Amino acid sequence: MPQKEKRMFIDMVGRLSWETQLHLDERHHHFYVNKIIILIISALLIVIAAVNVYLKFPNFLEQ
């Protein structure tokens, strides 16, 4: 009987660690997606800022 209880405990810990790793992998994927979205929004803000400065001071580059 003690052998069976050990085996059940080992199986339970194995499943728990597998589920924890699966959860961490899922979080890593979401962090990657968030990072891409932040980079895209940052690039758009830089472009909008450059266009805004150019429209406000159209002769700035000619001086």
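Above this text is the structure in question.
Residues numbered from 1 in each chain as written. Predicted model: local features only at pLDDT ≥ 70, side-chain atom pairs only at ≥ 80, totals over all residues. Heavy atoms only, no water.

**Q** Got a minute to help me understand the overall build of the protein chain in this structure?
**A** Check the secondary structure of the protein chain and you find 1 helix and 0 strands. Relative to the 2.2 N^0.38 estimate, which gives 11 Å for 63 residues, the radius of gyration of the protein chain is 27 Å and therefore markedly larger than a compact globule would have. Seen along its three principal axes, the alpha-carbon backbone of the protein chain occupies a region of about 90 × 15 × 10 Å. Across the 63 residues of the protein chain, 0% fall into the buried class. Carbon and sulfur atoms form 70% of the exposed surface of the protein chain, whose accessible area is close to 6,400 Å². Treating the 7 positive side-chain charges of the protein chain as one cloud and the 6 negative ones as another, the clouds have centres 5 Å apart. (Helix = DSSP H or I, 4+ residues; strand = E, 2+ residues; numbered from the N terminus. Rg over C-alpha atoms; globule rule 2.2 N^0.38 Å. Buried < 20%, exposed > 50% of the residue type's maximum accessible area, 1.4 Å probe, protein only. Areas by Shrake-Rupley, 256 points an atom, 1.4 Å probe, with all protein chains shown as cover. Lys, Arg positive; Asp, Glu negative; His and termini not counted. Charge placed at Lys NZ, Arg CZ, Asp CG, Glu CD.)

**Q** Could you clarify how one ought to interpret the pattern of salt bridges in this entry?
**A** One side chain can pair with another of opposite charge once the charged atoms of both are near each other. Taken as a whole and judged by the stated rule, the model has 1 salt bridge. The salt bridge involving R7 is made with D11; its shortest N-O contact spans 3.4 Å. With R7 and D11 both in helix 1 (residues 2-56) and 4 residues apart, the pair spans about one turn of that helix. (Salt bridge = Lys/Arg side-chain N within 4 Å of Asp/Glu carboxyl O.)

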